[in-house]
Amino acid sequence: NELPSDARFDAIVNLAGAPVVGPPWTAGRRQVLLDSRVGVTESLLAWLQRATHRPAVWVQASAICFYGVRPPHEVLTETSAAGGGFMSELCVRWEAAAAKAQALGVRQVVLRLGVVLGPGGALPPLLLPIRLGLGGRMGSGQQVMSWIHRDDVLTLITTALLGTPQSLPSPQNNPSMQGIYNATAPEPVPQATFARTAGQLLHRPVWLPVPAAPLRWALGEMAQLFVDGQNVVPARLQRDGFVFAYPSLRETLRSLI
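Predicted model, so just to flag it, every value in this text is computed and none were measured. Here the residue numbers are simple positions, counted from 1 along each chain's written sequence. Only residues with pLDDT of at least 70 are given local features in this predicted model, and only at 80 or more are side-chain atom pairs given and counted; all residues enter the totals for whole chains, interfaces and linings. Computation of side-chain values covers all heavy atoms of the structure but excludes hydrogens and water.

## Observations concerning helix H1 (residues 27–50)
Piece 1. Per the convention used, a helix needs a DSSP run of H or I reaching at least four residues, while a strand needs a run of E reaching at least two, with both numbered from the N terminus. The span expected for a helix works out to 1.5 Å for each residue beyond the first. Between its terminal C-alpha atoms H1 stretches 33 Å, which fits the 34 Å expected from 24 residues at 1.5 Å a residue.
Piece 2. Bend at a residue means the angle formed by two fitted axes: the first through the 7 residues ending at that position, the second through the 7 residues beginning there. Taking the largest bend as the criterion, H1 deviates by roughly 35°, centred on Asp 35.
Piece 3. Any pair of residues with heavy atoms lying within 4.5 Å of one another is described as a contacting pair. Elements in contact with the buried residues of H1: strand E1 (11–14), strand E2 (57–63) and helix H2 (86–99).

## Looking at a nonpolar patch on the surface
Piece 1. Patch members must show over 30% relative accessible area and no salt bridge, and they are joined within 9 Å when carrying like charges or within 5 Å when they are nonpolar side chains of Val, Leu, Ile, Met, Phe, Trp or Tyr. Areas reported as accessible are Shrake-Rupley estimates using a 1.4 Å probe. Residue values count occlusion only from the protein chains shown. Salt bridge, as used here, is a side-chain nitrogen of Lys or Arg placed within 4 Å of a carboxyl oxygen of Asp or Glu. Residues Leu 128, Leu 132, Leu 134, Trp 207 and Leu 208 make up a contiguous nonpolar surface patch of roughly 510 Å² in combined accessible area.
Piece 2. Position of Leu 128 among the secondary structure elements: in helix H3 (residues 123–131).

## A word on the sheet that holds E2
Piece 1. If you trace the 4 strands from one edge of the open sheet to the other, you get E1-E2-E4-E8, paired in parallel fashion. Both outer strands of the open sheet, E1 and strand E8 (179–183), are each paired with one neighbouring strand and no more. For this sheet, the mean angle separating the axes of adjacent strands, direction not counted, is 20°.
Piece 2. One bridge is not enough; two strands pair if DSSP finds at least two bridges between them. The pairing of E2 with strand E4 (residues 107–113) spans 7 bridges and is classified as parallel. If you follow Ala 63 over to E4, its bridge partner there is Leu 113.
Piece 3. Axis definition: a line fitted to C-alpha atoms, limited for helices to the stretch in contact. Angles are taken between N-to-C directions and run from 0 to 180 degrees. Against the sheet, H2 makes contact with E1, E2, E4 and E8, and its axis sits at roughly 170° relative to E2, the strand it touches most.

## Description of helix H4 (residues 150–162)
Piece 1. Helix length check: H4, at 13 residues, gives a terminal C-alpha distance of 19 Å against a target of 18 Å (1.5 Å per residue), a fit within 8%.
Piece 2. Within H4, burial applies to Asp 152, Val 153, Leu 156, Ile 157, Thr 159 and Ala 160. Looking down the long axis of H4, one finds its buried residues gathered within 165° of arc, a one-sided arrangement.
Piece 3. Of the residues one or two after H4, Gly 163 is the one with positive phi, at around 110°. The cut-offs for exposure are 20% and 50% of the maximum accessible area for each residue type, with area from a 1.4 Å probe on protein chains only; residues under the lower value are buried, those over the upper are exposed, and the others partly exposed. Think of the arc as the fan of directions from the helix axis to the C-beta atoms.

Geometric values such as these leave the question of function open.
Written out as structure tokens, the structure reads:
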């Protein structure tokens, strides 16, 4: 529904987007994914342009898929270039649509989210084959999985709204959070390590590898989400002194399992 121009909001947190894992990425499905992200963001921007009271801050979701498929040894920071493929294009266009808010005097924080591990979302389907005793590496297992605990995402959003990393002792002497941040834990891991760690905590064998070729044949480009990856580090958050509640994969999975 269209927001009235006199609606008053102190902040915008834009996480809207249809799930990328689901039906095949046909032309129609790709348009749904674009409309649910770029389209919603453009609608928010249109409201912002006519709003009589503009919010002070806009927290915008993006994803590490911005970087495309990258080899495991390539460490990616916020200054790394965009990659190729549909998911990278989706993130580039999503960020570009939101960036126009800065010209209207709104402080913007963009969180390029890794795989968010929490009670819902990606974790239950990732754990299901392991719980059933059918777990194993996907593809080579060497593709890097850059992840983050849901609680740390919530803390990051709160921190972005407040403007300064909470871990810093003197907010008055530090610049406000602004711009692009990799929202990933400081311990990215190969997918095989994720599977092995989850198997140990669930007391299940991890023995059934899933070759990449059948997944690519069945899922098309969507298979990249499972058999390819990006080695992403939260360089800006680490430089600003942000303290992760869950920096390691083992303690993250233990808290959730």
